[in-house]
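# Survey of secondary and tertiary structure
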Amino acid sequence: MKKIKKILILMLSFGSVLVSCGGNDNPGETPDNPNENEPDTYIPTLITPTGAPTLPAYKLLLSDKVKTESPSDNIAIPGYLSSGNADLVIFDSTNAQKVLNKAGENAKFEFEQMLTGGNFHLLGFGKSEDEVPTNDDYILGFMSQSTPGILFRNIYGNDMVFDQAFNAVNQVQQTLLTMNSEYKLSSGQKIDWAVVAEPANTALQGKLKQNGVQNILDINLNTAFKEKNSEKWNKDYICQAGIFVNKEFKEKHPKVYESTMDLLNDGVNALFTNLDGAYSEMTSGEYSDVSKFTAKFGFSSAVIKNVQGENSAKNGFGVVPTNVKFTVEDINTFNQLTAESSAK
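Remember, it's a predicted structure, so these values are computed and weren't measured experimentally.

## Observations regarding helix α6 (residues 169–176)
Those residues of α6 that fall on the buried side of the exposure criterion are V172, Q173, T175 and L176. Along the long axis of α6, the arc covered by the buried residues comes to 165 degrees, so they all point the same way. Structurally, α6 contributes buried residues whose contacts are with β5 (120–125), β6 (139–142), β7 (164–166), β8 (193–197) and α7 (200–210).

Structure, rendered in C-alpha cells:
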C-alpha cells in the first residue's frame, strides 16, 4: 500500500511539472491556434500590371516571400478582384473600387493604399503657356475611356475627344517619334497636343529634341486637375494605381499581411530617402540584365533616376509617399468629379 501511495505522489508531481512547463498560460483553455508561436510561411500572390506602379512596389517584385504575376492583358486583372483568386492586386484604383462598390458586402477585396497618384502630362507642340486645347486642334491620347481620357475631359471640357486614341502610351510615343520639326507626322498630319505618361514622357521629349523638335509645352495634368477642382479636391495627387488586399488573406494570415505591407512601404520610403540604394537593389543580380528588368517592371532601369530626380525630388512616376493617405471616400469623390467626363 505504501508503494502505491509513493507511485501516486510521484505521478502527481511529474504531472505538475509538465503543466508548469507548458505553453498555455491559462490552464484549461485551448489556444485558438496550437501553432500560433510558429512563423507563418504562407507566400501571398500579387497580381500587378507592369509599368509605373511596379516602381513603388519594387520590393514586393524582388522578394522571394511574394509570388508576383503580371497578366499579358491588363483587362484580365479586375477578374481577380471578383474571384478572389489572389491575395493582393494592383490596379487602377478608380475602376477597381467601382467593382468593389458594386459587390458591396460580398466584395472579396478592400482598398489598402495608393501607389501612384498621377504621372500624366499634356504636351503642346509649338504652343504658348496660355494656350489650351480646343476642338479645332488635332489631339493624340490613350485609354480614352479610362483615367487619361477622363482626366483630360474633366480639365478641358466634356466635349473634347482624342482625334487618335491608342490603347497604350507606348503607341502614342511611337507615333510621335515620326514627327518632324514642323510637328507633322510621317503621314503629313500636324499634331497640336498629346496626352502621355511617365516614364515614356521623359524619354519621348529627349528623343524629339534630338530630332529637332523644339518648343514643347509640358502641362502636368495633376496640377491642372487640382486647379480645376480646387473646391472639392485638395490633394497634390490624383487616384491612379492602388493596391487592394484580399480580406480572407488579411484575416487568416495577419502577420504575413503586416510584413508584406511593411516591405512595400520600406520600398516606397527608400525611393524618397535613398534612391541610389533602391536603384542598386532593383538592378542587382538577375535584374542587372536590362532586358530582364524591362520584362519584369515594364520600363527600362535607365529612365528611373532621370524621371525621379535626386531622391525622387521630381517624382515623375507620381509615387505617393507613405505619409499621404487616401481612403475609399477619396476614390469615390474622384470618381464623382470625373463621372460626367467618363460618359464621353
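Past the structure itself, the notes keep going.
## What about the nonpolar core?
Of all hydrophobic cores here, the largest spans 56 residues; its most connected members are F125, Y156, L176 and M179. Looking at which element gives the most residues to this core, the answer is β8, with five residues. Beyond its immediate chain neighbours, meaning those up to four positions away, M179 contacts F125, K184, L185, I191, L208 and V213. L46, Y257, L271 and F293 belong to the second-largest nonpolar core, a separate cluster that totals 34 residues.

## Structural notes on the sheet that holds β8
If you trace the five strands from one edge of the open sheet to the other, you get β7-β6-β8-β5-β9, paired in mixed fashion. Because the sheet does not close on itself, it has two edges, and the strands there are β7 and β9 (216–220). Strand-to-strand, the axes of this sheet are offset by a mean angle of 25 degrees, without reference to chain direction. Bridge count for β5 against β8 is five bridges, and the pairing is antiparallel. Each bridged residue has a counterpart across the sheet, and for L122 the counterpart in β8 is V195. Packing of helix α5 (residues 147–156) onto the sheet brings it into contact with β5, β6, β8 and β9, and relative to β5 it is tilted by some 60 degrees. Strands in contact with α7 are β5, β8 and β9; relative to β5, the strand with the most contacts, it is inclined by about 20 degrees.

## What to know about the packing of aromatic side chains
For the structure on display, the rule yields 15 aromatic pairs. Here F225 and W233 contribute two aromatic rings whose centre-to-centre distance is 6.1 Å and whose plane-to-plane angle is 75 degrees, an arrangement assigned as edge-to-face. Of the residues examined, F225 reaches a relative accessible area of 0% and is grouped as buried. Both rings, one in F293 and one in F297, keep their centres 4.3 Å apart while their planes meet at 15 degrees; by these two values the pair is stacked. Of this pair, F293 and F297 both sit in helix α12 (residues 290–297), four residues apart, which is roughly one turn of that helix. On the basis of relative accessible area, F293 is assigned to the buried category, the value being 0%. Members of the aromatic cluster, each reached through a chain of ring pairs, are Y287, F293, F297, F299 and F317. For the cation-ring pair, K235 lies above F326, with the distance from its terminal atom to the ring centre recorded as 4.7 Å.

## Topic: the side chain of T54
Residue position: T54 is located in the loop between β1 (45–47) and α2 (58–62). T54 sits in the buried class, given a relative accessible area of 1%. A distance of 2.7 Å separates the side chain of T54 from the backbone oxygen of G51, its partner in a polar contact. Not counting residues within four places of it along the chain, the set of residues in contact with T54 comprises T48, P49, L61, F297 and F299.

## Focus on the packing of helix α4 (residues 93–103) against helix α14 (residues 328–337)
Interhelical geometry of α4 versus α14 gives an angle of 105 degrees and a closest axis separation of 10 Å. Classed by the angle they form, the pair α4 and α14 counts as roughly perpendicular. Counted together, S93, T94, Q97, K98 and N101 of α4 and V328, I331, N332, F334 and N335 of α14 form the full contact between these two elements.

## Considering the sheet that holds strand β10 (residues 241–246)
One open sheet holds the five strands; their spatial order is β2-β1-β3-β10-β4, and the pairing between them is mixed. Strand pairing shows two members of the sheet lacking a second neighbour, β2 (67–69) and β4 (109–114), which therefore form its edges. Averaged over all neighbouring strand pairs, the angle between strand axes comes to 25 degrees, with direction disregarded. Judged from the five bridges that link them, β4 and β10 form a sheet pairing that is antiparallel. Looking at β10, one finds that F109 is bridged to N246. Contacts from α4 reach β3 (88–92), β4 and β10, with the element oriented near 115 degrees to β3. Contacting β3, β4 and β10, helix α10 (residues 254–273) crosses the sheet at an angle of about 30 degrees to β4.

## Looking at the pairing of β6
Side-chain alternation along β6 places I139 and G141 on one buried face and L140 and F142 on a second face that is also buried. Summarising the sheet, β6 and β8 pair through two bridges and their orientation is parallel. By the bridge assignment, I139 is partnered in β8 with W193. Pairing between β6 and β7: three bridges, direction parallel.

## Observations concerning the packing of α6 against α7
Where α6 contacts α7, the axes come no closer than 10 Å and their chain directions differ by 5 degrees. Here α6 is positioned roughly parallel relative to α7, judged by the angle of their axes. Note on element contacts: α7 touches α6 through A200, A203, L204 and L208, opposite V169, Q173 and L176.

About the criteria used
Residues numbered from 1 in each chain as written. Predicted model: local features only at pLDDT ≥ 70, side-chain atom pairs only at ≥ 80, totals over all residues. Heavy atoms only, no water. Buried < 20%, exposed > 50% of the residue type's maximum accessible area, 1.4 Å probe, protein only. Helix = DSSP H or I, 4+ residues; strand = E, 2+ residues; numbered from the N terminus. Arc of directions from axis to C-beta. Contact = heavy atoms within 4.5 Å. Core = buried A, V, L, I, M, F, W, Y, C linked by side-chain atoms within 4.5 Å. Pairing = 2+ DSSP bridges. Axes fitted to C-alpha atoms, helices over the stretch in contact; angles between N-to-C directions. Phe/Tyr/Trp six-rings, centres within 6.5 Å; stacked < 30°, edge-to-face > 60°. Lys NZ or Arg CZ within 6 Å of the ring centre and 35° of its normal. Polar contact = N/O pair within 3.5 Å; in protein donor to acceptor, adjacent residues only side chain to side chain. Parallel < 35°, antiparallel > 145°, perpendicular 65-115°, else oblique.

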